[in-house]
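Residues per chain are reported as follows:
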Amino acid sequence: MSTVLVAPLVTGLGLSWVSVIIIGLIAGAIAKAILPGNDPSGWIISLVLGVLGAFVGGWIAQMVGFTGGGFFSIGVWLFAIVGCVVVLFVYGLLTKKRG
């Protein structure tokens, strides 16, 4: 992702880069608990995908007009978790073995 695309997602929600990474890691763990499945990639990939999911959640939030509220905003966390679930679900579909 280019800085031009990602920077508005971070600053538009009132978050720093570090807080997006922290939210992504925690939201990735929560999303992994929501979608446990039989994922051979484990927790590390899920946490990395969680950070990506936090950015996806930020994008979704801005698309629906949510303006943020900072690190402790419930809305920011909910959108991050939704973004993580979406990313983990798509990742699961793409890596699923067909048998």
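Cut-offs and rules
- Residues numbered from 1 in each chain as written.
- Predicted model: local features only at pLDDT ≥ 70, side-chain atom pairs only at ≥ 80, totals over all residues.
- Heavy atoms only, no water.
- Helix = DSSP H or I, 4+ residues; strand = E, 2+ residues; numbered from the N terminus.
- Buried < 20%, exposed > 50% of the residue type's maximum accessible area, 1.4 Å probe, protein only.
- Contact = heavy atoms within 4.5 Å.
- Expected span 1.5 Å × (residues − 1).
- Core = buried A, V, L, I, M, F, W, Y, C linked by side-chain atoms within 4.5 Å.

## Brief notes about the side chain of Ser73
Mapped onto the elements, Ser73 comes out in the loop between helix H3 (42-63) and helix H4 (74-95). In this structure Ser73 comes out as buried when scored by relative accessible area, which is 15%. Residues contacting Ser73, with those up to four places away along its chain left out, are Phe66 and Gly68.

## Notes on helix H2 (residues 17-34)
Between its first and last C-alpha, H2 extends 25 Å over 18 residues, near the 26 Å set by a 1.5 Å rise per residue. Here H2 has its buried residues at Ser19, Val20, Ile23, Gly24, Ala27, Gly28, Ala31 and Lys32.

## Some details on the nonpolar core
Side chains of a nonpolar character, in soluble globular proteins, are inclined to be buried together. Of all hydrophobic cores here, the largest spans 16 residues; its most connected members are Leu15, Val20, Ile23, Ala27 and Ala80. Listing elements by their share of this core, those giving two or more residues are H2, H3 and H4. Take this core: its biggest share by element is seven residues, from H4.

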